[in-house]
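Residue strings, one per chain:
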Amino acid sequence: MPTEPSTKPAAGRKAPSKYGAEFIFRSAATTAGGVIVAAIALIALFLLIRAVPSVLANKANFFTSSEFNTSNADNLRFGIKDLFMVTVLSAVMALVIAVPIGVGIALFLTQYAPKALARPFSTVVDLLAAVPSIVFGLWGVLVLAPKIEPLQRFLNEHLGWFFLFSDGNLSTYAGTIFTAGVVLAVMILPIITSVSREVFGLTPLSHIEAAQALGATKWEVVRMTVLPYGRSGVIAGSMLGLGRALGETIAVLVVLRTSAKAGSWSLFDGGYTFASKIASAASEFSSKLPTGAYIAAGFVLFALTFVVNALARLVAGGKVNG
């Protein structure tokens, strides 16, 4: 009769220990993941604990008020309406500009450009990420703003019926959300390009050859194989770029002009983003309640970034190819 295979280790061999390399590696990986989750949870808890007293003492509506006055701790009046508007408009505009250009550059480098040109060109694009934020801010104010002012005027005159291009709360076209969005687009372009390039370069050769065997043109190969395979990677890169755009501080603080008037969801408005507003008042963080007002704004930015990234993971199917 056949005998069942023995589960005992062969003579001279020790049974694998549960404390072996596999167990140690799994434990280390689990611990590392747990540390990240715990750190995020603790940051959120810290922000919430410090923000709640100020929100309770607030004399204005935190969500609908455009006012942000914390000079008097006994009469706090602050809201995030304008901060949310400026942050979202500038970041979304940056994404709308940077994603098509970044994906186009990535496709050119991986599918069309010869290797002799692709490598140095990739290096140049990646080096753009090393430029300090303050340099982008100075470039935006001194070089970019005067150059694109005629474009903003043209859009306002011919498309002013649409709310995004309606009259803003500034008397000039310099230092608007439009200008800040273009600056942010240049800043996040290397991130989107780099991630997209890496994912497109990992497209299985068998998929490309199969499309070519069916008589597909170069564009059809890209459309049927490269783009579908790299979709989740493009989304991931875009969300990384959006995360930087939402949290960018110095460049936006330098470029955007302030305004005493409330915003109207126009790209020609001025104002503050969450990050630039907090940075502009950092030297005044000496009193608990006024400081808590800015921490409350920071908590909203934290939650906004978390939600955006969660939605991106959902759209990408919970995974990134490659």
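Residues numbered from 1 in each chain as written. Predicted model: local features only at pLDDT ≥ 70, side-chain atom pairs only at ≥ 80, totals over all residues. Heavy atoms only, no water.

### Quick word on the packing of helix α1 (residues 21–57) against helix α10 (residues 288–315)
- Remark: α1 packs on α10, axes separated minimally by 7 Å, with the N-to-C direction vectors making an angle of 130°. In terms of orientation, α1 and α10 fall into the oblique class. The chirality of how α1 crosses α10 is left-handed. Taken together, the residues of α10 that come into contact with α1 (itself represented by Ile-40, Ile-43, Ala-44, Leu-47, Leu-48, Arg-50, Ala-51, Pro-53, Ser-54, Val-55 and Ala-57) are Lys-288, Leu-289, Gly-292, Ala-293, Ile-295, Ala-296, Gly-298, Phe-299 and Phe-302. (Axes fitted to C-alpha atoms, helices over the stretch in contact; angles between N-to-C directions. Helix = DSSP H or I, 4+ residues; strand = E, 2+ residues; numbered from the N terminus. Parallel < 35°, antiparallel > 145°, perpendicular 65-115°, else oblique. Left-handed = near helix turned anticlockwise from the far one by under 90°. Contact = heavy atoms within 4.5 Å.)

### Observations regarding the pattern of salt bridges
- Counted by the stated rule, this structure contains six salt bridges.
- Notably, a salt bridge pairs Glu-22 with Arg-26, separated by 3.9 Å at the nearest N-O pair. Taken together, the positions of Glu-22 and Arg-26, both in helix α1 and four residues apart, correspond to about one turn of that helix. (Salt bridge = Lys/Arg side-chain N within 4 Å of Asp/Glu carboxyl O.)

### Notes on the environment of Val-254
- With respect to the secondary-structure elements, Val-254 resides in helix α8 (residues 250–255).
- The sequence separation of Val-254 and Ser-66 amounts to 188 residues, and the corresponding C-alpha distance is 21 Å.
- When near neighbours in sequence (up to four residues on either side) are disregarded, Val-254 contacts Ile-134, Gly-137, Leu-138 and Val-141.

### A short note on the confidence of the model for the protein chain
- On average, residues of the protein chain carry a pLDDT of 86, and 92% of them reach 70 or more.
- Element-level mean pLDDT values for the protein chain span from 85 in helix α3 (residues 115–127) up to 93 in helix α2 (residues 81–112). (pLDDT = per-residue confidence, 0-100.)

### Some remarks on helix α5 (residues 177–201)
- With 25 residues, α5 extends 35 Å from end C-alpha to end C-alpha; this agrees with the ideal 36 Å at 1.5 Å per step.
- Ile-188 marks where α5 bends most, by close to 40°; the proline Pro-190 follows one to four residues later.
- The buried count for α5 comes to 19 of 25 residues, which makes it a mostly enclosed element. (Expected span 1.5 Å × (residues − 1). Bend = angle between axes of the 7 residues up to and from the residue. Buried < 20%, exposed > 50% of the residue type's maximum accessible area, 1.4 Å probe, protein only.)

### A look at unusual backbone geometry
- Despite not being glycine, Trp-265 shows a phi value in the positive range, around 60°.
- Within the element layout of this structure, Trp-265 appears in the loop between α8 and α9 (274–280).
- Look at Trp-265 and you get partly exposed, because its relative accessible area is 33%.

### Some thoughts on the environment of Thr-70
- With respect to the secondary-structure elements, Thr-70 resides in the loop between β1 (68–69) and β2 (77–78).
- With twelve residues separating them along the chain, Thr-70 and Asn-58 place their C-alpha atoms 9.4 Å apart.
- Not counting residues up to four positions away in its chain, the partners in contact with Thr-70 are Leu-76, Pro-290, Ala-293 and Tyr-294.
- Polar contacts involving the side chain of Thr-70 include one to the side chain of Tyr-294, which spans 3.4 Å. (Polar contact = N/O pair within 3.5 Å; in protein donor to acceptor, adjacent residues only side chain to side chain.)

### Description of the packing of aromatic side chains
- Scanning the entire structure with this criterion turns up twelve aromatic pairs.
- Relative to Phe-163, the ring of Phe-162 lies with its centre 4.9 Å away and its plane at 55°, an arrangement referred to as tilted.
- Ring geometry for Phe-162 and Phe-165: centres 6.1 Å apart, planes at 45°, overall tilted.
- In this structure Phe-162 comes out as partly exposed when scored by relative accessible area, which is 31%.
- Given a relative accessible area of 15%, Phe-165 falls into the buried group.
- Put simply, the rings of Trp-161, Phe-162, Phe-163, Phe-165, Tyr-173, Phe-178 and Phe-268 pair up and form one aromatic cluster. (Phe/Tyr/Trp six-rings, centres within 6.5 Å; stacked < 30°, edge-to-face > 60°.)

### Considering the environment of Thr-203
- For Thr-203, the location among the structural elements is in the loop between α5 and α6 (205–213).
- When the C-alpha atoms of Thr-203 and Thr-225 are compared, they prove to be 7.4 Å apart, with 22 residues separating the residues in sequence.
- If we skip the residues at most four places from it in the chain, Thr-203 touches Ile-208, Thr-225, Val-226 and Tyr-229.

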